[in-house]
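Here are the chains, one letter per residue:
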Amino acid sequence: MDFLDLVKEKIKEVPIGAWVPYYDKDLNLDYLKDIKNVGINYIPARDSKKETLDLIKESGLYAIVNDDRVVYSNIHTLNEIHNYLDDYIDHDAYFMSFIWDEPSPTMMYFSSAILKQVEKAKENAIGYVNLHPNYSDVITQREGLSYDEYIEHFIKLHNPKVLSFDNYPFYTDKNDLNSYITNLLSISAYSKKYNIPFLFFVQSAGFHSCRNVGFEEMSLLVNLGMGFGAKGYLYFTYAEVTHEDGFKEGLLDKELNKTERYYYAKEINNTIQKNASFFLDSSFVGVKFYDSEFSHLSNIDIPFEVKGNSIMVSVFNYQDKNVYYVVNLDFKANNNFTFNGLKYKIKAGEAVLIK
């Protein structure tokens, strides 16, 4: 089954996930319902136990199932993967199977073997692998491959049903939207070339050198990703991570109190879902940047006059016509632009859909 077919059959809206740091004391129905209420519809399951999946399903969520028997398969157990999946593949909460996070090119030989066994097990089985960002180390993490070579290597080995990557551009001492946008350019190009939908991570917590973000910054990250043709996204992270040093609060703090980012995410998710059928059923064509530092990254022309500063115009084919998604690249100020003779005002970091 194709990824989008599975999304439409099960989730029935834009797939919005979150990386949830699980701790035994926190795993309960109320906690999961709060995740659902923010507009998130799938999460990683910490294991493949029936009671875990039952709880996730009762909350209205779906699961990326983490089964250690699958993730840590070896040459002796690969052929047993279909038996492992029999334990939960038909559970109503099942969405995808977690395979690996940020594999190196060498690791991809193992992760691809696991993914192929998972997807052979049953028609609705999908293996999930998340890729390195483009700022990953070319030697230690990509083993000498350029970022585009890294993506191509992954696709050729895995023949995946979905792509995913993370990139966190807001630091304590700088903003690196150039890295984020060029990462989206690369992923969207391969998504388009091979007709593979993609997901992306949204920075929603502070960690290490990355800072906490505001509404406009979170909104910009989501709108840029969706503007490059993504079919969904995940927040990193939902709650503050406490088992590792260097993390700050996310949508929840370490006491599991809702932070302002919980309500930012809820508003952003609601806005995206208002155009769910557009995002799921449209085909990405290309982007053009206007009067911004990213203008040289444009890969399409717009056939009529557009006047504005710091905007990205994304072109999609939807219901046999071109539709435009205009993103305000400025996350500090509102923006005005003229599009085909009509004037628009767009808030900082937000976007407008023009049909």
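A quick note: this is a predicted structure, and the numbers were derived from the prediction, not measured.

*Asks:* Any details on the side chain of N167? Residues and values, ideally.
*Replies:* One can find N167 in the loop between β6 (163-165) and α8 (177-194). According to the relative accessible area criterion, N167 is buried, its value standing at 1%. Separated by 3.0 Å, the side chains of N167 and N183 make a polar contact. Excluding residues within four positions of it along the chain, N167 makes contact with P133, N134, Y135, S179, Y180, N183 and F201.

*Asks:* Describe the packing of helix α7 (residues 147-158) against α8, and please don't skip the residues or the numbers.
*Replies:* The interhelical angle for the contact between α7 and α8, taken along N-to-C directions, is 35 degrees, at an axis separation of 10 Å. Where α7 crosses over α8, the handedness of that crossing is right-handed. On α8, the residues that touch Y147, D148, I151, E152, I155 and K156 of α7 are N183, S186, I187, Y190, K193 and Y194.

*Asks:* Outline the sheet that holds strand β11 (residues 311-318), supporting the account with residue identities and numerical values.
*Replies:* In spatial order, the strands read β9-β11-β12-β15; together these four strands make up an open sheet with antiparallel pairing. Whereas interior strands pair on both sides, the edge strands pair on one side only; in this sheet they are β9 (283-290) and β15 (351-354). On average, each strand axis in the sheet is inclined to that of its neighbour by 20 degrees, with strand direction left out of account. In the sheet, strand β12 (residues 321-328) pairs with β15 via four bridges, with the strands oriented antiparallel.

*Asks:* For the pairing of strand β3 (residues 62-65), give the residues involved together with the corresponding values.
*Replies:* The side-chain alternation of β3 yields two buried faces, one formed by Y62 and I64 and the other by A63 and V65. Of the crossover connections in this fold, the one passing from strand β2 (residues 42-45) over helix α3 (residues 50-58) to the parallel β3 is right-handed. Across three bridges, the pairing between β3 and strand β4 (residues 94-101) is parallel. Bridging across to β4, V65 finds its partner in S97.

Calculation notes
- Residues numbered from 1 in each chain as written.
- Predicted model: local features only at pLDDT ≥ 70, side-chain atom pairs only at ≥ 80, totals over all residues.
- Heavy atoms only, no water.
- Helix = DSSP H or I, 4+ residues; strand = E, 2+ residues; numbered from the N terminus.
- Buried < 20%, exposed > 50% of the residue type's maximum accessible area, 1.4 Å probe, protein only.
- Polar contact = N/O pair within 3.5 Å; in protein donor to acceptor, adjacent residues only side chain to side chain.
- Contact = heavy atoms within 4.5 Å.
- Axes fitted to C-alpha atoms, helices over the stretch in contact; angles between N-to-C directions.
- Left-handed = near helix turned anticlockwise from the far one by under 90°.
- Pairing = 2+ DSSP bridges.
- Right-handed = clockwise from strand over helix to strand, strands pointing away.

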